Amino acid sequence: DADDDDDDDAEPKLKYYRLAMNVSDILKHDAASCLGVHEKLLVLGTHSGKVYVVDFSGYEIRRFSHHTATINELCVDRTGEYVASCSNDGRVCVSPLFGDGGGTSGTAASVVATYGRPILALALDPDFARKSSRPFCCGGRAGQLIMNTKGFFKTKDTVVHSGEGAIYAIAWRGSLIAWANDIGVKVFDSQTNQRITFIDRPKNSPRADLYRCNLSWPDDNTLLVGWADNIKLCRVRQRSSGGSSGGGGGGSGGDSLPSRYIEIVLVFQTDYWICGLAPWGNYLVVMAFVDDDDDDGGGGAGGASGSSLRPELRILSMTNEEISNDALTLHGFEQLRATDYRLAALIGGATSTTTPVTTDNGDEYDSLTAAAAAAAVVAVVVTRWPTPRPTPTTFAPPHRRPRPPRRRAA
């Protein structure tokens, strides 16, 4: 009992504050659709096609109006010099945050690519600012993963993969590009031009487009996948010369196997829908949507007739033990669904150092390191306002919920 009292009185692991100032004015006339985060700034995309650059207090630094429809994804390059956006209007724009980008008053983007179908996901090359070719990857409803590079006179589009449904998410780290489509998650090595693995979606999982796939690289050798109610921790391994390994997928060029493959070291299923996933030291931060409809699970994505519960920000160990659980009190949360929430995290620098962790059943795996995976900023945004529209805020201080029984990895 004393231990339970100590848990209840423990200081919250995360601190919360609302974004106000210019953000409040922006959201009076528009609704947020996505969010990007950098150590210097936040980037907010809206359903009207606007991109706003703000500081961590909510003051507007700059805005861009290159799109005419909903912004689906935002990406800030590692140096904080460029911001990329993609939209339902089929355009991808990469804009410099400083200077006018070749136009007047910031009205012209440095790179603009137009496609015939909505673009749902994009990722900039980690060294985008340093490379004259300005490479980025994008994909969407057309079902093609496209790599765009800049030449002397025009840009060039190269189709990396196609034919397996829409592209829902892309994450790029080093030379490795991970993306999600209707079939599952694939990883491509841009240095060797080989596909190194395929990560299948769990059996009996919901349709791919019902819940947002969350991909992130905590470090150069670790990939996190959170989709629907399933979380996977994957490690990049070096293939022994002349041998094969069961953890990786086949390459696309020649008969030789890729020099690297991916091994799934941890899998666990949740009792909630995953709206966002990010590393936090040796833990995971999960934006959770608890579905109160036990009939068919349709309330999370499709919107049940009953009211929804508060979204929760949970901190989990690598063995799926719950460390912290905060229920966020958002205006109109009763009418919101799992797809109406987005989470963006600032992930620390790269390192290949790992710490061995042993699970309760004796299995050993390499956990994330705090230096590599510390998420210093975790931002939550609501991408659809309920009716009637409330006074706009990013999120409210949390409502502490009793801690449920802990679940352990299978």
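Each remark here, short or long, concerns the structure printed above.
Here is what the cut-offs are and how they apply
Residues numbered from 1 in each chain as written. Predicted model: local features only at pLDDT ≥ 70, side-chain atom pairs only at ≥ 80, totals over all residues. Heavy atoms only, no water. Helix = DSSP H or I, 4+ residues; strand = E, 2+ residues; numbered from the N terminus. Buried < 20%, exposed > 50% of the residue type's maximum accessible area, 1.4 Å probe, protein only. Areas by Shrake-Rupley, 256 points an atom, 1.4 Å probe, with all protein chains shown as cover. Phe/Tyr/Trp six-rings, centres within 6.5 Å; stacked < 30°, edge-to-face > 60°. Lys NZ or Arg CZ within 6 Å of the ring centre and 35° of its normal. Pairing = 2+ DSSP bridges. Axes fitted to C-alpha atoms, helices over the stretch in contact; angles between N-to-C directions. Salt bridge = Lys/Arg side-chain N within 4 Å of Asp/Glu carboxyl O.

## Brief notes about the overall build of the protein chain
Along the backbone of the protein chain there are four helices and 29 strands. Buried positions account for 53% of the 410 residues belonging to the protein chain. Within the structure as shown, the protein chain displays about 18,400 Å² of accessible surface, and the carbon and sulfur contribution to it stands at 46%.

## A closer look at the environment of glutamine 269
Structurally, glutamine 269 can be placed in strand E20 (residues 260–269). For glutamine 269 and proline 202, which are 67 residues apart along the polypeptide, the C-alpha to C-alpha distance reads 9.7 Å.

## Regarding the packing of aromatic side chains
Under the counting rule described, the total for this entry stands at five aromatic pairs. On the basis of an interplanar angle of 40 degrees and a centroid distance of 6.4 Å, the ring pair of phenylalanine 289 and tyrosine 341 is categorised as tilted. Placement of the pair is phenylalanine 289 in strand E22 (residues 283–289) and tyrosine 341 in strand E25 (residues 341–347), with a sequence separation of 52 residues. The buried category is assigned to phenylalanine 289, whose relative accessible area is 1%. Taking relative accessible area as the criterion, tyrosine 341 reaches 0% and is therefore assigned buried. Cation over ring: arginine 134 sits above phenylalanine 128, and NZ or CZ is 5.5 Å from the ring centre. Positioned above the aromatic ring of tryptophan 227 is the side chain of arginine 201, whose terminal nitrogen or guanidinium carbon lies 5.1 Å from the ring centre.

## Re the sheet that holds strand E2 (residues 42–46)
Across the sheet, which stays open at both edges, the four strands sit in the order E1-E2-E3-E4 with antiparallel pairing between neighbours. Among the strands making up the open sheet, the edge pair consists of strand E1 (32–37) and strand E4 (60–64). Within the sheet, the average angular offset between the axes of one strand and its neighbour, ignoring direction, is 20 degrees.

## Observations regarding the pattern of salt bridges
All chains considered together, the criterion is met by 15 salt bridges. With a closest N to O distance of 3.3 Å, arginine 342 and glutamate 73 form a salt bridge. Taken as a pair, arginine 342 in strand E25 and glutamate 73 in strand E5 (residues 71–76) lie far apart in primary sequence, 269 residues in all. You'll find arginine 342 and glutamate 73 in the same group, each marked buried. For aspartate 127, the salt bridge is made with arginine 130, and the minimal N-O distance between the two is 3.4 Å. Note on aspartate 127: relative accessible area 26%, which makes it partly exposed.

## Side note on unusual backbone geometry
If you check the backbone angles, asparagine 204 has positive phi at about 60 degrees while not being a glycine. Positionally, asparagine 204 belongs in the loop between strand E16 (194–200) and strand E17 (214–219). On the basis of relative accessibility, which here comes to 84%, the residue asparagine 204 falls in the exposed class. Of note in the backbone geometry, asparagine 320 takes a positive phi value of approximately 70 degrees without being a glycine.

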